[in-house]
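Structure at a glance
Below are the chains, spelled out letter by letter.
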Amino acid sequence: MANVPILKGATFSICATAQADELNQAAFEALIFVDCGKIVEHGNLEVTENDVSQGYWGGGWLQHQKGQKDGGTTSVTIGYDPDSTGADALDTAAATELNYAFKIDIGDNPGGTTNTILYYRGLIALPSYQLGNNEAFLNKTFAMMLNQGVIQVDPTGL
């Protein structure tokens, strides 16, 4: 059994061009992504589905259906780097109300052909700055609102 990967070698990237429409795997793979550099932490990626239910006269059970999906919110924290093209792309995207594509390369298959890749798309908000004491690192956290679920691409050449 393979070990569960850690994120030690992972990267986080943004496509600097806004993506208005939902993307499939091939469309994500055709995009050019910019590495965002010093990633401190990335929040969870999850999709929830609304519970739509209705009861009927004479029925003993409430009937449930899956409703709309919600990609929810997450965040990414980066170490401040004024020379990072990826960080600049995050700042630019945050100043808009447009959807952008994101890519996480897990870095879990160093001897193979490709790594596990996670693609998703959504809005990014203006950053907050984490300060702290005199030995704290200056970090920026961007809130993200997902408008598309995650597409996972498994590694090849294991």
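A closer look at the layout of surface pockets
Taken as a whole, the largest pocket holds about 250 Å³ of empty space. L7, A10, T11, F12, D35, G37, I39, H42, G43, I104, I106 and L118 are the residues that line the largest pocket.

Concerning the environment of N99
Checked against the element boundaries, N99 lands in the loop between helix 2 (85-94) and strand 7 (100-105). Sequence spacing of N99 and N147 is 48 residues, and the spatial spacing of their C-alpha atoms is 7.7 Å. Leaving out residues up to four positions away in the same chain, N99 has contacts with A18, Q19, R121, G122, L123 and N147. Side chain to side chain, N99 and N147 meet in a polar contact 2.8 Å long.

Focus: helix 2
The periodicity of an α-helix, 3.6 residues per turn, causes residues three or four places apart in sequence to face the same way. Every buried residue of helix 2 is accounted for by G86, A87, A89, L90, A93 and A94. Relative to the axis of helix 2, the buried residues are bounded by an arc of 155° and lie together on one face. Among the exposed residues of helix 2, those pointing more than 90 degrees away from its buried face are T85 and T92. Those residues of helix 2 hidden inside the fold are in contact with strand 1 (11-14), strand 2 (34-35), strand 6 (73-79), strand 7, strand 8 (117-124) and strand 10 (139-153). Of the residues flanking the start of helix 2, the one acting as N-cap is S84, its side-chain oxygen 3.4 Å from the backbone nitrogen of G86.

Rules and cut-offs
Residues numbered from 1 in each chain as written. Predicted model: local features only at pLDDT ≥ 70, side-chain atom pairs only at ≥ 80, totals over all residues. Heavy atoms only, no water. 1 Å grid on protein atoms, 1.4 Å probe; cavity = no way out; pocket = protein on both sides within 12 Å on 5 of 7 lines; lining within 4 Å. Points joined across faces, edges and corners; volume = space filled by probe spheres on them. Helix = DSSP H or I, 4+ residues; strand = E, 2+ residues; numbered from the N terminus. Contact = heavy atoms within 4.5 Å. Polar contact = N/O pair within 3.5 Å; in protein donor to acceptor, adjacent residues only side chain to side chain. Buried < 20%, exposed > 50% of the residue type's maximum accessible area, 1.4 Å probe, protein only. Arc of directions from axis to C-beta.

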